Amino acid sequence: MSFEWPWQYNFPPFFTLQPNVDTRQKQLAAWCSLVLSYCRHRKLYTLDVLEAQESPVFNNKKIERKLSVEAIQVVFEELRKKGNLEWLDKNKSRCLIMWRRPEEWGKLIYQWALQADGKAEMITMDDGKGVKFF
Amino acid sequence: MDRFVWTNGLLEMNETLVIQQRGVRLYDGDDKECCICIPLSQVIFFEEQAAGIGKSAKIVIHLHPAPENKEPGPYQHSKYSYIKLSFKEHGQIEFFRRLTEEMTQKRWENTPVSQPIPTGIGPKAGRTRAVGIVGIERKLEEKRKETDKNISEAFEDLSKLMEKAKEMVELSKSIANKIKDKQGDITEDETIRFKSYLLSMGIANPVTRETHGSGTQYHIQLAKQLGDMLQAPLEERGGMMALTEVYCLVNRARGMELLSPEDLVNACKMFESLKLPLRLRVFDSGVMVVQLQSHSEEEMIASALDNVSDKGSLTAEEFAKLLGLSVLLAKERLLLAEKMGHLCRDDSVEGLRFYPNRF
């Protein structure tokens, strides 16, 4: 199944960071959902910033537009604020993409466990990402 | 030291030159401060003798006969009544100038006559050459004092001018107050005339207390003239013109008596208060335009949006061509539309394009 690009992907202004604050917010929201859905589709869990520039997500060869490195950083920061991204290193060159946030995973697994076994206990570990099974 | 005798500089028969050294200082015993001096009051007259081939420049100083109560010096009696200072290493011009100054000032006549003490502060006639670093320091000090004096002299004129100006302002203020008080006594005409004089001199009118800045008569008239003149061009150009365009247009039309940019800006600022149908407007980017009052920004933006939507996308140049505006103004309009959220931008190597905001 090929990935369905949203309408913004073929809209040239999408690849320019908008100065108008309201417009920018909408733009960034669209970017965030695009990145997440693309990663989910391709089962990508980590992204490298330098490689990302050449990835089809940020580089639309058909309309000859690509997102600048600064803009990619802004999008990543937005994702991080939302909880969908974590930097794996201090230099911010590699990151972990969580197209399902940990809490969402936790809930899913919990429900599956309940279904499957009938018995499961949710235990939170230090980083809040754990579920213990019996 | 009373054992010095005059001699010529040549070697006698039984003398040989052992060593010659410059820059040697003479001490009287352990007393450093000894030098010979001639009081300037003794000087009748002095002149320059130009340098020749093999001869250095000289200053010849003619002196009064020695007074009775003269302190002991190197030679009690001399057949000449003048001395010559030979400047082997130049410096005679400055020396001559200073000597001239001192002789005209005759400062010694102001100070009480003190016994000439041979302690280092010899008058300038005694010092033919700067003596090492001390001499240089003294020269620097004198130069500094000289500069100080010159500067304070120069500013003396200015301070006099300031005083006069203050008097003028006081005078006009007092007259204006008198007018205010005696409102009934002075006729209307005279009051108006006087007020117009005050205005034309640039002094704010205290009687009416107008708050729209210090509008002078000239700017007011100019604003009215501009109001008449700019109506037609503005309508041709869609109701808006950059201030630079206005400047060029106006000055070209005037031929002579050209306007300065400052006058133009000040006149334009008065459009609103004079209830003229023009306005001076400043954009965020600092661009200043003159526009017709009837010109509505919302209409302009709505029409801009239509234009852009029709064509899909537009650059500032294309938009300018479409409307017959200058590129600068076209860009300003597009930027304004973007600010209001109607348009969004596409910045790429191809240039800056504007699209309708579909976000």
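Residues numbered from 1 in each chain as written. Chains lettered and ligands numbered in written order. Predicted model: local features only at pLDDT ≥ 70, side-chain atom pairs only at ≥ 80, totals over all residues. Heavy atoms only, no water.

With an unreviewed UniProt entry as reference, chain B is termed Vacuolar protein-sorting-associated protein 36, source organism Labeo rohita. Turning to chain B, the UniProt record has this under Function (unreviewed entry): "Component of the ESCRT-II complex (endosomal sorting complex required for transport II), which is required for multivesicular body (MVB) formation and sorting of endosomal cargo proteins into MVBs." Recorded in UniProt for chain B, the comment headed Sequence similarities (unreviewed entry) runs: "Belongs to the VPS36 family." (UniProt positions renumbered as here; feature names shortened; annotations may be inferred.)

In the nomenclature of an unreviewed UniProt entry, chain A is known as Vacuolar protein-sorting-associated protein 25 of Labeo rohita.

A word on the overall build of chain A. Assigned secondary structure in chain A consists of four helices and seven strands. Helices (α) and strands (β) of chain A occur, in sequence order from the N terminus, as α-β-α-β-β-α-β-β-α-β-β. The buried share of chain A, reckoned over its 134 residues, is 39%. Here the analysis covers contacts within chain A between residues at least 6 apart in sequence; of these, 49% occur between residues at least 24 apart. Just so you have it, chain A exposes about 8,400 Å², and 53% of that area is on carbon and sulfur atoms. (Helix = DSSP H or I, 4+ residues; strand = E, 2+ residues; numbered from the N terminus. Buried < 20%, exposed > 50% of the residue type's maximum accessible area, 1.4 Å probe, protein only. Contact = heavy atoms within 4.5 Å. Areas by Shrake-Rupley, 256 points an atom, 1.4 Å probe, with all protein chains shown as cover.)

What follows concerns the state of the cysteines. Residue and element names in this part refer to chain A. Across all of its chains, the model carries zero disulfides over all chains by this definition. Free cysteine: Cys-39, not disulfide-bonded; nearest cysteine sulfur from Cys-95 at 8.0 Å. On the basis of relative accessibility, which here comes to 2%, the residue Cys-39 falls in the buried class. (Disulfide = S-S within 2.5 Å.)

Residue and element names in this part refer to chain B. Among the secondary structure elements, Ala-223 is positioned in helix 4 (residues 217–236). As for Ala-223 and Glu-272, which are separated by 49 residues in sequence, their C-alpha atoms are 10.0 Å apart. Setting aside anything within four residues of it in sequence, one finds Ala-223 in contact with Ala-267, Met-270, Phe-271, Leu-274 and Leu-276.

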